[in-house]
Amino acid sequence: MKQGYFYIGNKIHGGNKIGLTFVLKITNRSLLKLSRLIYVVKNNSILIVFTPLSRTERVVFKKHLKTNETVRKYFDAEVCRLLENIISGLLRPEIGVDLIIRQLTKDQEEDYKNFEYKCYDRLHIPGGILMKRSNEIELNGHRIRLGDSMFRLFLRLALELKKRRGGWVSRHTLESEGIITDVDKFQIYSNLRTSLQGSLLDKEGQKFIENNGSKQYRISLHPDFITYHREKLLKHHDSSIQELARKLSAC
């Protein structure tokens with residue numbers, strides 16, 4: 001990046017997209033601009049900044065932290081654990097399905113047995129709008145753009161999944177809620193699968209957006225593996241998507 005800022009990468013943690021940035025040198029002058037760095041490195045909920053400091057500079061920097069509400073963040077035990085998780089995730093090679101299964105909690109294992117979820121992908125909904133009617137989601141670290149109609153359907157399926165009852169929703173319910181326009185048209189499901197399948201762990205869109213043969217659809221994934229940025233979704237230009245976001249945050 002320009003002006004001595006280097007973006008390292010990011011990781012989803014606790015529903016937030018956390019970015020890591022290295023600043024080559026922070027002077028007294030640039031220190032005042034540090035709080036605006038979050039607007040330079042966009043699409044991050046939280047930004048962690050690394051920079052080399054001498055002992056003298058460290059004293060000055062700490063004083064500034066105590067008076068700046070935007071920048072202030074101390075490296076207590078919780079923050080150190082967060083950093084450890086983020087950095088290890090960035091350095092770790094992409095994990096496969098077998099390793100994900102071994103890392104499931106007992107409750108998650110039970111849910112996979114009871115609800116027969118078929119996928120183990122990681123999904124984040126940052127709520128960012130790249131341009132009008134173009135919404136961004138992140139699937140296994142890959143960025144995907146969805147138009148408003150597909151995004152609305154996708155968010156509705158995510159909402160049903162977050163209710164933790166298996167995630168199935170009838171296409172007649174989807175029509176009555178205005179999510180789809182015609183129960184007898186299936187192109188929107190096909191288009192959604194096509195948009196997602198290249199970023200899926202097993203590349204099978206039919207498995208991820210599942211149809212049970214009884215006019216019901218779902219995202220076949222454990223609800224714990226879906227995170228989202230509530231505040232950004234609530235500011236969406238589409239009122240129906242705002243409403244879905246309000247219901248999603250209540251789950």
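Residues numbered from 1 in each chain as written. Predicted model: local features only at pLDDT ≥ 70, side-chain atom pairs only at ≥ 80, totals over all residues. Heavy atoms only, no water.

1. Let's talk about the nonpolar core
The biggest cluster of nonpolar side chains holds 44 residues, and the ones touching the most others in it are Phe-154, Phe-208 and Leu-221. Those elements that place two or more of their residues in this core are strand 4 (123-125), strand 6 (134-139), strand 7 (142-146), helix 7 (148-162), helix 9 (187-197), strand 10 (216-219), strand 11 (226-228) and helix 12 (239-249). For this core, the element with the highest residue contribution is helix 7, accounting for nine residues. Once residues within four sequence positions are removed from consideration, Phe-154 is found in contact with Leu-123, Ile-125, Ile-137, Leu-146, Leu-192, Leu-196, Phe-208 and Ile-219. (Core = buried A, V, L, I, M, F, W, Y, C linked by side-chain atoms within 4.5 Å. Buried < 20%, exposed > 50% of the residue type's maximum accessible area, 1.4 Å probe, protein only. Helix = DSSP H or I, 4+ residues; strand = E, 2+ residues; numbered from the N terminus. Contact = heavy atoms within 4.5 Å.)

2. Some points on the confidence of the model for the protein
In regions of low pLDDT, the predicted coordinates are not meant to be interpreted in detail. With 74% of its residues at a pLDDT of 70 or more, the protein has an overall mean of 81. Counted against residues more than four places away or in other chains, residues 70-77, with its pLDDT under 50, gives 13 contacts. (pLDDT = per-residue confidence, 0-100.)

3. What to know about the sheet that holds strand 10
The strand order across the open sheet built from three strands is 8-10-9, with neighbouring strands paired in antiparallel fashion. Strand pairing shows two members of the sheet lacking a second neighbour, strand 8 (169-170) and strand 9 (209-211), which therefore form its edges. Contacts between helix 9 and the sheet are confined to strand 9 and strand 10, with strand 9 contributing the most and set at about 145 degrees to the helix. (Pairing = 2+ DSSP bridges. Axes fitted to C-alpha atoms, helices over the stretch in contact; angles between N-to-C directions.)

4. Section: helix 7
Taking 1.5 Å of rise per residue, the 15 residues of helix 7 would be expected to cover 21 Å, and the 21 Å separating its terminal C-alpha atoms lies within 8% of that figure. With 14 of 15 residues buried, helix 7 is to be regarded as a mostly interior element. Immediately beyond the C-terminal end of helix 7, within one or two residues, lies Arg-164, with a positive phi of roughly 60 degrees. (Expected span 1.5 Å × (residues − 1).)

5. What to know about the side chain of His-236
As for its placement among the helices and strands, His-236 is situated in the loop between helix 11 (230-234) and helix 12. Owing to a relative accessible area of 1%, His-236 belongs among the buried residues under this scheme. Looking at His-236, its side chain comes within polar contact range of the main-chain nitrogen of Asp-238, at 2.9 Å. (Polar contact = N/O pair within 3.5 Å; in protein donor to acceptor, adjacent residues only side chain to side chain.)

6. Examining the packing of aromatic side chains
Each aromatic ring pair is described using two quantities: the centre-to-centre distance and the angle formed by the ring planes. On inspection of all chains with the given rule, the structure shows four aromatic pairs. With 5.6 Å between their ring centres and 85 degrees between their planes, Tyr-112 and Tyr-117 make a pair best called edge-to-face. Tyr-117 shares its class with Tyr-112; the two are buried. With a centroid separation of 3.8 Å and an interplanar angle of 0 degrees, the aromatic rings of Tyr-189 and Tyr-217 are classed as stacked. Linking Tyr-189 in helix 9 with Tyr-217 in strand 10, this pair joins segments that are 28 residues apart in sequence. Of the residues examined, Tyr-189 reaches a relative accessible area of 1% and is grouped as buried. Assessed through its relative accessible area of 3%, Tyr-217 is described here as buried. Across from the ring centre of Phe-225, 3.7 Å away, lies the NZ or CZ of Arg-122, which sits over that ring. (Phe/Tyr/Trp six-rings, centres within 6.5 Å; stacked < 30°, edge-to-face > 60°. Lys NZ or Arg CZ within 6 Å of the ring centre and 35° of its normal.)

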